Amino acid sequence: MALVPLILMLIPMFHGSVSAFSPLKTDTLKPGQQLRDWEQLISSGGVFTLGFFTPTESSTFLLGSAGLRYIGIWSQHGSINPVWVGNPTESVSDSSGSLSIDTNGNLKITRANASPIMVNQKPFGHLSLAGNVSATLLDSGNFVIRHVGQGGVPGRVLWQSFDHPTNMLLPGMKIGFNLKTKKEVSVTSWISNQVPASGAFRLGLDPSGANQLLVWRHGEIYWSSGVLTNNGSSQLTLELSREYLDYEFKFGSDKYMKYFSYSIKKTNGSVYSSWLLDNLGQLTVTNVLRSNTSNRWISESSQPCTTDLKNSTAVCITEKPTACRKGSEYFEPRRGYMMDNDYYGNSLSFGLSDCHGSCWRNCSCIAFQSFSDGQCQYWGKGSKFVPYDSFTLDQKIYVLDSVK
């Protein structure tokens, strides 16, 4: 399961435009202020943006749009995916949401006809802050709440988004074990491209003490990076990236945490870097090297499949062999519909990978469909697939490759 290159290309500089949104002339939110649905914070160097967005099925997101709304952070120059989501488990149903920080340092989203959504995972009720706090978006992509001293001098960090990652690892972010709370800090996949709640996969530090990263699938080890040095590892080669930049991987500890983090040591220009854990358990490393006229986009991805897929669009998930599956079978997406012998799962899943696993373990299952709300639909032997190319991309059915 080595890391394989996906893309190496030059793309022109792009400045997206959307209707009805307004970047604020600041990177900081203070008590008494509100960040409304159509407004955004921009980090001081113009690297990252914080605002409301709507995720879509195509792995992109919309800004000034109707639909379920989340507060998130995204890069101005790199990934098309948000790098952090503040309310992954509870969305705002319309454009009435606004983000604010109170005098105790609590971040919350207020909305029409519903109770507020708390973004902070830990209140500061035992502290006497007296309103001397602020929330600032940094050029690193970190959103930090600080105590503000006399004269407006930034004080110690009270809370930061880097301590609460979603599905993206950024330079300077630490994953590992919090020695004070005894909790693990890890990167977790989304349920689907439209649902940022925690999915089936988790990327974290090997608890045995080995200098390697692991991906778990529902608590079972699914992938290992192998022992990691600055040159990569057997499963994380980063061949394309290392032609243009130098990584520095750090396995360390301090009085707060035992952790892994990475940084870019030197480049001939600015670079945007991110590691994305997707909803199939695949780790994609993206680096965008920026110049005045173009971006060099380098993307490399771990390949967790042990099967030699004959169809490049087939679902790439490693499953354990069963009495009826040898491991060489695969499910491929098709546009159309199945006739007869359908049934639904008994409980909500954690996305496409769970639907795939359930169908894989059922010898009579020959096709499935995964819905963004967590539901799975299955078809048994005797069902017939009928092609219909007019169906949209989100109407794909995953059919066993042997089914004609």
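- Per an unreviewed UniProt entry, the chain is named G-type lectin S-receptor-like serine/threonine-protein kinase At1g67520, and its organism is Raphanus sativus.

## Let's talk about the sheet that holds strand E31 (residues 376-380)
Next, step 1: Read across the sheet, six strands follow the order E29-E31-E30-E33-E28-E32 without closing on themselves; strand pairing throughout is antiparallel. A single partner strand is all that each edge strand has here, and the edge strands are strand E29 (342-344) and strand E32 (384-387). With strand direction ignored, the average angle separating the axes of adjacent strands in the sheet is 45°.
Next, step 2: Bridge count between strand E30 (residues 365-370) and strand E33 (residues 396-400): two bridges; the pairing is antiparallel. Bridge pairing in E33 links Ala367 to Val399.
Next, step 3: Where helix H1 (residues 352-361) meets the sheet, its contacts fall on strand E28 (331-339), E30, E31 and E33, and the angle it forms with E30 comes to roughly 165°.

## Some details on the state of the cysteines
Next, step 1: For the structure shown, the criterion picks out three disulfides.
Next, step 2: Two residues, Cys324 and Cys363, share a disulfide whose sulfurs are 2.2 Å apart. Across the disulfide from Cys324 to Cys363, rotation about the S-S bond amounts to roughly -95°, and the bridge is consequently left-handed. Residue Cys324 is located in the loop between strand E27 (294-302) and E28, and its partner Cys363 is located in the loop between H1 and E30; the two are separated by 39 residues in the primary sequence.
Next, step 3: Among the residues examined, Cys363 registers a relative accessible area of 33% and is labelled partly exposed.

## Observations regarding the nonpolar core
Next, step 1: Grouped together as the largest cluster of nonpolar side chains are 80 residues, with contacts concentrated most on Leu50, Leu99, Leu107, Phe143, Tyr247, Phe260 and Trp275.
Next, step 2: Each residue touching Phe260, except ones within four places of it in the same chain, is listed here: Leu169, Met173, Lys174, Ile175, Leu205, Leu213, Leu228, Phe249, Lys250, Phe251 and Trp275.
Next, step 3: Counting seven residues, the second-largest nonpolar core is a separate cluster that includes Phe53, Leu63, Tyr70 and Trp74.

## Overview of the sheet that holds strand E21 (residues 213-217)
Next, step 1: Ordered in space as E19-E20-E21-E22, the four strands form an open sheet in which the pairing is antiparallel. Two strands in the sheet have a free side with no partner beyond their single neighbour: strand E19 (187-192) and strand E22 (220-224). The mean inter-strand angle of the sheet, taken between neighbouring strand axes irrespective of direction, is 40°.
Next, step 2: Across four bridges, E21 lies against E22 in antiparallel orientation. Residue Val215 lies in a different strand from E22, and its bridge partner there is Trp223.

## Things to note about the pattern of salt bridges
Next, step 1: Using the criterion set out here, one finds eight salt bridges in the structure.
Next, step 2: Two residues, Asp37 and Arg69, come together in a salt bridge whose shortest N-O distance is 2.9 Å. In this pair, Asp37 is assigned in the loop between strand E4 (35-36) and strand E5 (39-42) and Arg69 in the loop between strand E7 (61-62) and strand E8 (70-75), connecting sequence segments 32 residues apart. Of the two residues, Asp37 and Arg69, neither departs from the other in class, the shared state being buried.
Next, step 3: One salt bridge in this structure joins Asp254 and Lys174, with 3.5 Å as the shortest N-O distance. Taken together, the residues Asp254 in the loop between strand E23 (246-253) and strand E24 (257-266) and Lys174 in the loop between strand E16 (168-169) and strand E17 (175-178) connect sequence positions 80 residues apart.

## Topic: the packing of aromatic side chains
Next, step 1: Inspection of every chain in the model, using the stated rule, returns 15 aromatic pairs.
Next, step 2: Judged by centre distance (6.0 Å) and plane angle (35°), the ring pair of Phe260 and Trp275 falls under tilted. One end of the pair, Phe260, is in strand E24; the other, Trp275, is in strand E25 (residues 270-277), with 15 residues separating them in the sequence.
Next, step 3: Assessed through its relative accessible area of 0%, Trp275 is described here as buried.
Next, step 4: Across the ring face of Tyr259, the terminal group of Lys174 is positioned such that the distance to the ring centre comes to 4.2 Å.
Next, step 5: In this structure, Arg202 is placed above the aromatic ring of Trp216, and the distance from its NZ or CZ to the ring centre is 4.2 Å.

Rules of the game
- Residues numbered from 1 in each chain as written.
- Predicted model: local features only at pLDDT ≥ 70, side-chain atom pairs only at ≥ 80, totals over all residues.
- Heavy atoms only, no water.
- Pairing = 2+ DSSP bridges.
- Helix = DSSP H or I, 4+ residues; strand = E, 2+ residues; numbered from the N terminus.
- Axes fitted to C-alpha atoms, helices over the stretch in contact; angles between N-to-C directions.
- Contact = heavy atoms within 4.5 Å.
- Disulfide = S-S within 2.5 Å.
- Buried < 20%, exposed > 50% of the residue type's maximum accessible area, 1.4 Å probe, protein only.
- Core = buried A, V, L, I, M, F, W, Y, C linked by side-chain atoms within 4.5 Å.
- Salt bridge = Lys/Arg side-chain N within 4 Å of Asp/Glu carboxyl O.
- Phe/Tyr/Trp six-rings, centres within 6.5 Å; stacked < 30°, edge-to-face > 60°.
- Lys NZ or Arg CZ within 6 Å of the ring centre and 35° of its normal.

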